[in-house]
Amino acid sequence: MRAPGARLIGVWAGCFALSAGTALALALALAAALAGEERRLARVLLESSGSLPYLLLIMVFAASGLLASWLVKAYFNPIARAAEATAVSALANPKHRLAAEGPAQLRHLIAAINALADHHAAALDAVDARVAEARAALESEKNRLAVLMSELAQSVLVCDPNGTIVLYNEQARRLFSPPDIEKTATDHDFSPDKPQRTGRGCAPDPHGHLQDPTNTWSVPVYSGFIGLGRSLYSLLAPEPVRYAIERLDQRTAAGELDPIGIFTTALPGARLVRVRISPMAGAARSAAEMPAPSGYVLLLEDVSQEVTGVERRDRILIDLIEGARAALASLRAATENLAHFPDMALERRQRFVAIAVEEAGRLSEAVEHASRDHADSARLRPRALESMRGADLVAALRAGLASEVGSVHADEGSDPHIWLDVDCHALVQAVRYLARRLRDEFGIRDYTLEVSGDAPHAYLDLCWLGARISAATTSAWEDDTLSAGGEASSMTLRDILQHHGAELWHEIDRPSGRARFRFMLPVGARAPLRNPSERPGRPVFYDFDLSSAANSGDALDESPLRELAYTVFDTETTGLDPGAGDEIIAIGAVRIVNARVLTGEAFDRLIDPRRRIDPRSVAIHGIGDAMVRGQPTIERVLPAFHRFCTDTVLVGHNVAFDMRFLQLKEDATGVRFRQPVLDTLLLSAVLHDNLSDDRLEAIAHRFGIEVVARHTALGDALVTAEIFLKMLPLLAERGITTLRAARAAAERTRYAQLRY
Amino acid sequence: MAKRVLIADDEPNIVLSLEFLLVQAGYEVATAATGEATLDTARRIHPDLILLDVMLPRKNGFEVCQTVRADPQLSATKIVMLTAKGRSTEIAKGLALGADAYVTKPFGTRELVDTVRTLIGP
């Protein structure tokens, strides 16, 4: 699209060429028509007034200029404006109408286009009405789901196979309530281990490095912000999640019906959450094949209180039982002796009576003590153990041990039908811990794993040939924390055994002569297998539009604009000159995910600039000195905003102004904003160089967007977000569908503006 | 000659009752209050049976049981474990480590004497 100035010059040149050409042709025709005497006379006339042709030429030039100016004003500009307004009406705002201007013919055309737009709008309304009707039933089901979700005491999170969050409820939002603004992202980095690309649910990032803390497209770092389109791994430690998902996939593949994975993981602030994760049924590719999960549902519970509570109640119960048993044993033995031997000597009789009295007193005390301690405790909850096939446990252990020791074999004779109730992750840690200590202290490198046994017990044996371990060593190993064997756990082997209701000992297997550590575990209930004929259909409430493609850093530029996640933001400042010390006093931002503005996930903070606010600025945004006094300073707010923007493209109106303020704060805050940036001001110029008003209100009005809370940071961010969404189809009409294309088009406009 | 029983428990009240009970049943009785004392006494007197409490100070009952079983001099000694815990895995562990019987506290005195009698005779 050419700018108006260029258009005028073009038309002018056209008109001039046309008139000059016509004059020349006329002159030549005249010259050809004149006879000898007349021609001579004409030459004399021309020669006597030498400047006449040039004068004529200038007159033609001026006249064609006037003509061109009139043409451009009367025809070309109105037509261009009409074309752009037609596009707005057709693609962005069906209520938008063309202004009648230009000559009569054009006015007729505009009237016709407006009539067409009326029809178009009416047709759209009719379609909308029918769509709304068809959706009503669906909506009410969704609402019921929403009510159900909000009523649930548990936090619910749904993610797609890549770990992108597609749904969460209010409880989940509260559980992951934004971290204190004092916290910076480095407070709680889940040391991002090497990315595991095997299996489903690996992080969307292909590089997996975190050397540069300002690189926002790296492995998800704990952000503490929950949000649609954000990564699950920015909220929960990736390792146990991936582990649970891999196990779920194995179990689903083995034909298990509705497997559930359970693990407990830590959140900042010494909180513990218990996570129950289960796959969502996907569509089967063939009748024989199990459908790959279309995502995972996570139920989360804060169990920080519960864990300490359960530990305490366990202690109370165990103390009571053991204390009572011992006292009862003494009491019973003494009284039975008294009853069964009535002829015993008086002295001995008195001794037994005394024992009976003493032990009865001890017993009462033990019961009293326990009931006091137990009074404020809630009921015991079942332990978070999952049923697992013995063979799967052996496979998990082999995978967990392989890199640590020489070789690990699975015993051929293992019974394939044994199921165990275990916390798989903890048990792998426990066995790995034992293997490492055996390796380090006894040089043992080759192991065989075996599962055997009979209800109600099963055995898990870690067997080796050679060194025998003394009972005292075994006992000492049980009491050490697993970290003594290099595990990231402060639990002791005894804790894990107690959690499982398990026992451990060392022994020599007589027939084979092998030494082994034997875990004795309770046998689990066999999980029900899926009967292929009863495969459940898609759940009724399944209506989540899961995004399938994960965007990696490199592919971002080629990503479709509609699929990217955006942070649309605006700032208010003390004045207009950051170089002269003006400061940000408010940041407002909303997120766009899947071409939808997520008004529920807003960022809205006031900032104490530690200086006076220019009264002329106060007049615009209405934020006075008193309002910002005592608010957090920019050094605390900007890192939080930086985390809010993780993995999104930044969007703003005249965003260069805001970016300048952000960049001047890089040294002070330590955060750098290196995300791709799009400016709706420049994009507007790309779309409408004939509709010259690029102010936010004017664009909003053109797109039929209601402006609320103008000149508050959050209000302006919201309007900008709506405008940006309306622009997407108009940009697409011009072939601008990727981030790269949008940035390139904006850049061209910027240069264009600089040049004119 | 009377059969010898070694009572290993650190609670004097139960030891007193058991001692009386087994003497009445016609056994020769010795007592020990720690794990180490139990092993020392067992090696000295070669008892026919040890009533072995799991929660002994200085070497618990499991360790004592394993050590006795590893000692060829004591191969004839029967072991009856006594415990105040009574979880099934614990009982299975005691039997796996070589105990001949397992009795959970509190127990009936007659049943205990019966158990002893079954293992080593009157």
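The shown structure was predicted, so the numbers you read here are calculated from the model rather than taken from an experiment.

Another point: the overall build of chain B. Helix and strand content of chain B: 5 helices and 5 strands. Counting helices and strands in the order they occur from the N terminus, chain B gives β-α-β-α-β-α-β-α-β-α. Looking at chain B alone, contacts between residues at least 24 apart form 60% of all its contacts between residues at least 6 apart.

Turning to the overall build of chain A, a few remarks are in order. Across its full length, chain A carries 21 helices and 17 strands. Counting over 756 residues, chain A shows a buried share of 33%.

Turning our eyes to something else, we now look at the pairing of strand 4 (residues 78–83) of chain B. All names here are of chain B. Most of strand 4 is tucked away: 5 of the 6 residues are buried. When strand 3 (residues 49–53) meets strand 4, the two strands line up parallel, connected through 5 bridges. The residue bridging I50 from the neighbouring strand is I79, located in strand 4. Regarding topology, helix 3 (residues 61–70) serves as the crossover connection from strand 3 to the parallel strand 4, and that connection is right-handed.

A word on the sheet that holds strand 10 (residues 457–464) of chain A. Where strands meet in a sheet, backbone hydrogen bonds hold them as pairs that are either parallel or antiparallel. A sheet is described by the order of its strands in space; here 5 strands give the open sequence 7-9-10-12-11 (chain A), paired in mixed fashion. Edge positions in the open sheet fall to strand 7 (407–410) and strand 11 (503–509) of chain A, since each of these has one partner strand only. Strand-to-strand, the axes of this sheet are offset by a mean angle of 25°, without reference to chain direction. Relative to strand 11 of chain A, helix 4 (residues 88–96) of chain B is tilted by about 20°, and along the sheet it contacts strand 10, strand 11 and strand 12 (514–522) of chain A.

Turning our eyes to something else, we now look at unusual backbone geometry. In this structure, B:P106 follows B:K105 across a cis peptide bond, with omega equal to -10°. Within the secondary structure, B:P106 is located in the loop between strand 5 (101–104) and helix 5 (109–120). Of note, A:A595 is a non-glycine position whose phi angle comes to about 60°, a positive value. Residue placement: A:A595 occurs in the loop between strand 14 (584–593) and strand 15 (596–606). Even without a glycine there, the phi angle at A:R610 is positive, about 55°. Locating A:R610 in the fold gives a position in the loop between strand 15 and helix 13 (615–621).

Residues and elements named next belong to chain A. Spatially, the 5 strands line up as an open sheet ordered 15-14-13-16-17, and their pairing is mixed. The outermost strands of the open sheet, each flanked by one partner alone, are strand 15 and strand 17 (677–679). Ignoring which end each strand starts from, the neighbouring axes of this sheet average 25° apart. In this sheet, strand 17 lies alongside strand 16 (residues 649–652) in parallel orientation, the contact comprising 3 bridges. Counterpart to L650 in the pairing with strand 17 is V677. Its contacts with the sheet put helix 16 (residues 655–664) on strand 13 (566–573), strand 14, strand 16 and strand 17, and the angle it makes with strand 13 is roughly 75°. Across the face of the sheet, helix 20 (residues 713–733) comes into contact with strand 13, strand 14, strand 15 and strand 16 while running at roughly 30° to strand 14.

Moving on: the interface of chain A and chain B. Listed as interface residues are 25 residues of chain A and, on the opposing side, 26 residues of chain B. Taken together, the elements giving at least two residues each to the side of chain A that touches chain B come down to helix 7 (304–340), helix 8 (346–374) and strand 11 of chain A. Ranked by residue count, the leading element in the side of chain A that touches chain B is helix 7 of chain A, at 11 residues. Its residues placed into classes, the side of chain A that touches chain B shows 12 nonpolar, 4 polar and 9 charged.

To continue, consider the packing of helix 3 (residues 52–92) of chain A against helix 4 (residues 104–151) of chain A. Residue and element names in this part refer to chain A. Packing of helix 3 against helix 4 brings their axes to within 11 Å, and their N-to-C directions diverge by 0°. Considering the angle they form, helix 3 stands roughly parallel to helix 4. Packed against helix 3, whose contacting residues are Y75, P78, I79, A82, T86, S89 and A90, the element helix 4 presents L106, I110, I113, A117 and H120 at the interface.

If you check helix 10 (residues 424–442) of chain A, its first and last C-alpha atoms are 26 Å apart, about what 19 residues at 1.5 Å a residue would give, namely 27 Å. With its phi angle positive at about 70°, A:G443 sits one or two positions after the end of helix 10 of chain A.

A few words on the nonpolar core. Among the nonpolar cores identified, the biggest contains 94 residues, and A:L157, A:V568, A:I587, A:I607, A:L683, A:A717 and A:L731 are the most heavily contacted of them. At 12 residues, the largest contribution of residues to this core is made by helix 20 of chain A. Ignoring anything within four residues of it in the chain, the contact list for A:L683 reads A:L678, A:M727, A:L731, A:A742 and A:A746. Core analysis: the next-biggest nonpolar cluster, separate from the first, contains 91 residues, A:L401, B:L21, B:A42 and B:I50 among them.

Below, the discussion takes up the environment of A:L497. Residue and element names in this part refer to chain A. Of note, L497 is situated in helix 12 (residues 493–500). The class for L497 is buried, based on 20 C-beta atoms found within 10 Å. Residues L497 and A430, 67 residues apart in the sequence, show an inter-C-alpha distance of 8.9 Å. Setting aside residues no more than four positions away along its own chain, L497 makes contact with A502, E503 and L504.

Residues and elements named next belong to chain B. Summarising the model, chain B shows a mean pLDDT of 90, and 99% of its residues fall at 70 or more. No element of chain B has a lower mean pLDDT than helix 4, which averages 83, and none a higher one than strand 1 (residues 4–8), which averages 95. Both confidence scores are given for the complex: pTM 0.46, ipTM 0.74.

In this section: the packing of helix 3 of chain A against helix 20 of chain A. Axis angle and axis distance: for two packed helices, these are the angle between their axes and the distance between the axes, and together they describe the pair. Residue and element names in this part refer to chain A. Two numbers describe how helix 3 lies on helix 20: the axes approach to 9 Å, and their chain directions differ by 120°. Judged on the interaxial angle alone, helix 20 and helix 3 are oblique. As for the relative orientation of helix 3 and helix 20, their crossing is right-handed in sense. Touching A87, L91 and A92 of helix 3 are K726, P729, L730 and E733, all from helix 20. Split by residue class, the contact of helix 3 with helix 20 holds 5 nonpolar, no polar and 2 charged.

Conventions adopted
- Residues numbered from 1 in each chain as written.
- Chains lettered and ligands numbered in written order.
- Predicted model: local features only at pLDDT ≥ 70, side-chain atom pairs only at ≥ 80, totals over all residues.
- Helix = DSSP H or I, 4+ residues; strand = E, 2+ residues; numbered from the N terminus.
- Contact = placed C-beta atoms within 7 Å.
- Buried ≥ 20, exposed ≤ 12 C-beta atoms within 10 Å, placed from the backbone.
- Pairing = 2+ DSSP bridges.
- Right-handed = clockwise from strand over helix to strand, strands pointing away.
- Axes fitted to C-alpha atoms, helices over the stretch in contact; angles between N-to-C directions.
- Nonpolar A, V, L, I, M, F, W, Y, C, P; charged D, E, K, R; others polar.
- Parallel < 35°, antiparallel > 145°, perpendicular 65-115°, else oblique.
- Expected span 1.5 Å × (residues − 1).
- Core = buried A, V, L, I, M, F, W, Y, C linked by C-beta atoms within 7 Å.
- pLDDT = per-residue confidence, 0-100.
- Left-handed = near helix turned anticlockwise from the far one by under 90°.

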